[in-house]
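Coordinate analysis (summary)
One letter stands for each residue in the lines below.
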Amino acid sequence: MELQIGQVTTYLAEQLHADVQVLQLRNLGTGSTGHLSPVLLTPDGEPLNSYTADTLKTFSYGNPVLVECLVDHQYKHFVLRTLAANQFDHQERSDRAAEILLSFDTFNHLPQHSKALDVGMVTHDHRLISLADGDEFFLITEYAKGTPYVHSLQRLRDTGEATGVDLMRARQLAIYLAEIHTTRGDDPTLYTRRIRNTLGSGEGIMGLIDSYPTDRSSTEERNSAVDGQSTPLLHNATHEEKSAASATWFEEFEKQCVGWRWRLKHKTHRLAQVHGDFHPFNILFERNGTMHTLARSRGAWGEPADDVASMAINYLFFSLQRSGELSAPFEQLWNIFWNTYQGHRHDPELLRVVAPFFAWRALVLASPLWYNVADSVRYKLLGFAHAVLQDELFEPALVNQYLARGAAGNIPPMRFKDGTPPPRSAVNHQPN
């Protein structure tokens, strides 16, 4: 990014409605890294000498630039703050924009804090544009034709009759993922970040666990949720005991996921192009078989196992709604999907890294906030995830064994905190 004295002068004159003469631009502090700090240019395009104020602190997120100027012939100082890309979740432009916008929204509400006067962006041709009048951001996309893939899975759930088209689509989805995953990324910090965010972000495992109620019993009795088997841990338990049991279970679940982060975080060679939210609500099929994807999420680069788990677990999800286990016709789709993906892309590590992504996606699908399904389905999804996390190697052919192991996991009851059904906007939807 380049800051030019002439463009800064124009911007200040427009914002202040005054005659402005910028005398000097100079760095305040260390900046994020030497090679990523903003380049300050004279009106003739020559670099200005930067100033490092403190050799004790060698790194910071911000790049504050002191603007010394005359405003209607009066001497003034302003600080123009930017952020540089770095490994601390500032790799993407959207990361840096979020940090800057949050500063603008919060600085002026803290006593004795330096005041934020404006927020804006620097264009490719070095102009400074104000965004202070904005409120919420929006995105305009083209309209993609087609029917959401979830409609096909709902039909299969209700009829149990798979067609050749259904089998072909499972293959098509797997081939699509295998192809996009062949494009590899070269920034190892993006992989480490993706694994970290899978666990710790608001949309990740911890954020989803925090959204689960742990203080009320389920709308269905726990002993009917696992094929009539009683749960000794919660049998005849009081309200407080059930709440404590629920919190304890999720705490242990979360600890298991933290262990998986330490197994995966150094596998930066696996960084690849990903969709990031590859589930049936984000896929459209036209009548002629053309496929479209929607709502790519959480960045361009990540772990391929996330995309694979995101789609695969939906075959289990709909099968559980139909039969309480992985069975026809979804078992066929499950097998076709896995076999096709592995046949088109050689990834010997895939089955050793997929477990935490199943855990993440299971938390979404089992969530009483996001999905309106029977509690028996929720328990089995959480039990499946818990069982999968126990093993170093995931075996696609053993899904029903994972379900059986999970049924013995004494999962506590859950319910909406106010005991009411979810809003219609939250039914049958997955986070973007």
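My aim in this report is to walk through the structure given alongside it, one point at a time. (Residues numbered from 1 in each chain as written. Predicted model: local features only at pLDDT ≥ 70, side-chain atom pairs only at ≥ 80, totals over all residues. Heavy atoms only, no water.)

**Examining the packing of aromatic side chains**
Using the following cut-off: What counts as a ring pair is set by centres within 6.5 Å for rings of Phe, Tyr and Trp (its six-membered ring), and what kind of pair is set by the plane angle: stacked under 30 degrees, edge-to-face over 60, tilted for all other angles. The buried label applies to any residue whose accessible area, calculated with a 1.4 Å probe on protein chains only, is under 20% of its type's maximum; exposed applies above 50%, and partly exposed to all values in between. Placement of a positive charge over a ring is assigned whenever Lys NZ or Arg CZ falls within 6 Å of the ring centre and within 35 degrees of the normal to the ring plane.
For the structure on display, the rule yields 20 aromatic pairs. With a centroid separation of 5.3 Å and an interplanar angle of 75°, the aromatic rings of F317 and F318 are classed as edge-to-face. F318 shares its class with F317; the two are buried. What links up through ring pairs into an aromatic cluster is the set W334, W338, F358, F384, F394 and Y402. Taking NZ or CZ as reference, K265 lies 4.2 Å from the ring centre of W262, over its face. Seen from the ring of W360, R361 lies directly overhead, with NZ or CZ sitting 4.3 Å from the centre.

**Concerning the sheet that holds strand β4 (residues 62–71)**
To keep things clear, this is the line we draw: Paired strands are those between which DSSP finds at least two bridges. The numbering of helices and of strands both runs from the N terminus, where a helix is a DSSP run of H or I of at least 4 residues and a strand a run of E of at least 2. Every axis in this analysis is a line fitted to C-alpha atoms, fitted for helices over the stretch in contact. Angles between the N-to-C directions lie between 0 and 180 degrees.
Within the open sheet, the 3 strands sit side by side as β2-β4-β5. Their pairing is antiparallel. Strand pairing shows two members of the sheet lacking a second neighbour, β2 (20–27) and β5 (74–83), which therefore form its edges. Taken over all neighbouring pairs, the strand axes of this sheet differ in orientation by 25° on average, direction set aside.

**Quick word on the packing of helix α4 (residues 164–180) against helix α9 (residues 304–323)**
Threshold: We call two directions roughly parallel when the angle between them is under 35 degrees, roughly antiparallel when it is over 145, roughly perpendicular when it lies between 65 and 115, and oblique otherwise. It is the rotation of the near helix from the far one that decides the hand of a crossing: anticlockwise by less than a right angle makes it left-handed, clockwise makes it right-handed. By definition, residues are in contact when any of their heavy atoms lie within 4.5 Å.
Where α4 contacts α9, the axes come no closer than 10 Å and their chain directions differ by 165°. As far as their axial angle goes, α9 and α4 are roughly antiparallel. The way α4 lies across α9 gives a crossing that is left-handed. Contact residues: α4 offers A170, L173, L177 and I180, while α9 offers D307, V308, M311 and Y315.

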